[in-house]
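The primary structure of each chain is shown beneath.
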Amino acid sequence: MTYLVNDKNLTSQKFISFVNQIWPGQYDEAKTKSALSRTLNITAYDGPKLAGCLRILTDGYYFGTITELLVLPEYQKQGVGSRLLQLARENTPTMLYFGAQPGVEGFYEKNGCQKSLQAYEIPKERT
């Protein structure tokens, strides 16, 4: 597995193809490109195949958040997500706050993350 911090070669097409294997949907290529340009993208590749991705959005001083930590199902439970999380910890200038999908809290706790603030959301349709 090859890991890249600040993967400048992560294209919107590659990311959309990857995300659709986990969260199927209709994603706008231009908006995805814009979103990727605003985050620190840490990736895991098995040869040419994108197997995992962690994205960090940060102001560089006060606040940072993990927007997604995604690993293809066939690569889960092989240490890929743990390594992406470790690289995030090593390469961000701020504390990181994030929400966890129900049922995966143990993964984060196993990786040294501490339970923090209660999370809330303001739902909005993607346009």
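See above for the structure.
Residues numbered from 1 in each chain as written. Predicted model: local features only at pLDDT ≥ 70, side-chain atom pairs only at ≥ 80, totals over all residues. Heavy atoms only, no water.

Visitor: Hey, could you run me through the overall build of the protein in this one?
Guide: Secondary structure assignment for the protein yields four helices and four strands. Counting helices and strands in the order they occur from the N terminus, the protein gives β-α-α-β-β-β-α-α. Taken over C-alpha atoms, the radius of gyration comes to 14 Å for the protein, in line with the 14 Å a tight globule of 127 residues would show. Counting only C-alpha atoms, the protein reaches 35 × 35 × 30 Å along its principal axes. Counting every position in the protein, which comprises 127 residues, the buried fraction comes to 35%. Taking the contacts inside the protein whose residues are at least 6 apart along the sequence as the reference set, 58% of them involve residues at least 24 apart. (Helix = DSSP H or I, 4+ residues; strand = E, 2+ residues; numbered from the N terminus. Rg over C-alpha atoms; globule rule 2.2 N^0.38 Å. Buried < 20%, exposed > 50% of the residue type's maximum accessible area, 1.4 Å probe, protein only. Contact = heavy atoms within 4.5 Å.)

Visitor: Could you clarify how one ought to interpret a nonpolar patch on the surface in this entry?
Guide: Taken together, the side chains of Tyr61, Tyr62 and Phe63 make up a nonpolar region of the molecular surface, amounting to roughly 430 Å² of accessible area. Relative to the helices and strands, Phe63 resides in the loop between strand S3 (49-58) and strand S4 (64-71). (Patch = residues over 30% accessible without salt bridge, like charges linked within 9 Å, V, L, I, M, F, W, Y side chains within 5 Å. Areas by Shrake-Rupley, 256 points an atom, 1.4 Å probe, with all protein chains shown as cover. Salt bridge = Lys/Arg side-chain N within 4 Å of Asp/Glu carboxyl O.)

Visitor: Help me out: how do you make sense of the sheet that holds S3 in this one?
Guide: In a beta sheet, neighbouring strands pair by backbone hydrogen bonds and run either parallel or antiparallel. In spatial order, the strands read S1-S2-S3-S4; together these four strands make up an open sheet with antiparallel pairing. Each of the sheet's edge strands pairs with one partner strand only, and the pair in question is strand S1 (2-5) and S4. The sheet shows a mean angle of 10° between the axes of neighbouring strands, direction not considered. Bridge count for S3 against S4 is seven bridges, and the pairing is antiparallel. Bridging from a neighbouring strand, Ile56 pairs with Ile66 of S4. Contacting S1, strand S2 (40-46), S3 and S4, helix H3 (residues 80-91) crosses the sheet at an angle of about 160° to S4. (Pairing = 2+ DSSP bridges. Axes fitted to C-alpha atoms, helices over the stretch in contact; angles between N-to-C directions.)

Visitor: Explain the nonpolar core to me, please; I cannot follow it from the model alone.
Guide: Grouped burial of nonpolar side chains is what soluble globular proteins tend to show. Ranked by size, the top nonpolar core spans 27 residues in total, and within it Phe18, Ile42, Leu54 and Leu84 carry the most contacts. When contributions to this core are tallied by element, the ones reaching two or more residues are helix H1 (12-20), S2, S3, S4 and H3. The residues touching Phe18, leaving out its near neighbours within four places in the chain, are Leu50, Ala51, Gly52, Cys53, Leu70, Val71 and Leu72. (Core = buried A, V, L, I, M, F, W, Y, C linked by side-chain atoms within 4.5 Å.)

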